[in-house]
Amino acid sequence: MLLEDERRALCAVGRRLAETGLVTGASGNVSVRSGDLVAVTPGGMMLDRMRPEDCPIVNLDARLVEGDRAPSSETPMHLALYAETPAAAIVHTHSTYGAVVATTMTELPPIHYNTLLLGGVVKVAEYATYGTPELAGKVRAAMEGGKRAALMANHGGVTIGRDLDEAYENARLLEWLCGVYVRAKMIGEPRILTDEQLTKVVERGLTPPEFPPV
């Protein structure tokens, strides 16, 4: 079985996403890249019920290489991000606070300095139908400039990482930041960190980990 370890890792992350509420039902999807091959979660299947053999393998041209199940409908978005970023793993969620921000905002402002770990201000990609090349292009544009995360209007969020663990932790951080912002709005107008304040944080050494050379 091709990419057996990667497929097992997809199943483990799928369970974690469901347990932490970052996905519900069969929503959301995950992938991991190894060379010219990508292991991706299958379409229409609950992520906490997957087995390694359920996860199909595609190449970078979206051709099915191995597997009996169809790849996730969002595979075009995953492949677009692999083409334009040095990511080795991608997590797409339908988390509650992420969806709230993605439904009401054009970006998630830097309400906390840990926003820097996602590359700064998180942009909200304009709405497009799920699973389409149009959505893939809009998300790819929202991730330009070294971003590690993006939100999708009226949809959810996507994060990338050097491996699956990092992509998952970035998804958790994105949801936490969205949750802080939404809760802060319930009390009053959130204070947003200035460029000067963020620069001082960077000077103290808080920056996203570098991707290894491709």
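Quick caveat, the model's predicted, so the values are computed rather than measured.

Let's shift gears to the overall build of the protein. Scanning the protein from N- to C-terminus turns up 6 helices and 9 strands. Here the C-alpha atoms of the protein give a radius of gyration of 17 Å, agreeing with the 17 Å that 2.2 N^0.38 yields for 214 residues. Dimensions of the protein along its principal axes, counting C-alpha atoms only, are 50 × 35 × 30 Å. Within the span of the protein, comprising 214 residues, buried residues form 46% of the whole. Taking the intrachain contacts of the protein between residues at least 6 apart in sequence as the baseline, contacts between residues at least 24 apart amount to 66%. Accessible surface, the protein: about 10400 Å² in total, of which carbon and sulfur atoms supply 50%. Charged side chains in the protein number 21 positive and 27 negative. The centres of these two groups are separated by 4 Å.

Let us look at unusual backbone geometry. Even without being a glycine, L3 presents a positive backbone phi close to 50°. Note on placement: L3 falls in the segment before helix 1 (4-19).

The 9 strands are arranged 4-3-2-1-5-9-8-7-6 in an open sheet whose pairing can be described as mixed. Strands at the two margins of the open sheet, each flanked by one partner only, are strand 4 (64-66) and strand 6 (107-108). Judged from the 2 bridges that link them, strand 3 (residues 57-59) and strand 4 form a sheet pairing that is antiparallel. Opposite V58, over in strand 4, you have L64 as the bridge partner. The strands that helix 3 (residues 96-104) touches are strand 6, strand 7 (122-125), strand 8 (149-152) and strand 9 (156-161); relative to strand 8, the one it contacts most, it runs at about 65°. Running at roughly 140° to strand 9, helix 5 (residues 164-187) makes contact with strand 1 (29-34), strand 5 (89-93), strand 6, strand 7, strand 8 and strand 9 of the sheet.

Another point: helix 1. Compared with an ideal rise of 1.5 Å per residue, which puts 16 residues at 22 Å, helix 1 spans 23 Å between its outermost C-alpha atoms and is within 8% of the ideal. In this structure, the buried side of helix 1 is in contact with strand 1, strand 2 (37-40), strand 3, strand 4, strand 5 and helix 5. One or two steps after helix 1, the chain reaches G21, where phi turns positive at roughly 80°.

How each quantity is defined
- Residues numbered from 1 in each chain as written.
- Predicted model: local features only at pLDDT ≥ 70, side-chain atom pairs only at ≥ 80, totals over all residues.
- Heavy atoms only, no water.
- Helix = DSSP H or I, 4+ residues; strand = E, 2+ residues; numbered from the N terminus.
- Rg over C-alpha atoms; globule rule 2.2 N^0.38 Å.
- Buried < 20%, exposed > 50% of the residue type's maximum accessible area, 1.4 Å probe, protein only.
- Contact = heavy atoms within 4.5 Å.
- Areas by Shrake-Rupley, 256 points an atom, 1.4 Å probe, with all protein chains shown as cover.
- Lys, Arg positive; Asp, Glu negative; His and termini not counted.
- Charge placed at Lys NZ, Arg CZ, Asp CG, Glu CD.
- Pairing = 2+ DSSP bridges.
- Axes fitted to C-alpha atoms, helices over the stretch in contact; angles between N-to-C directions.
- Expected span 1.5 Å × (residues − 1).

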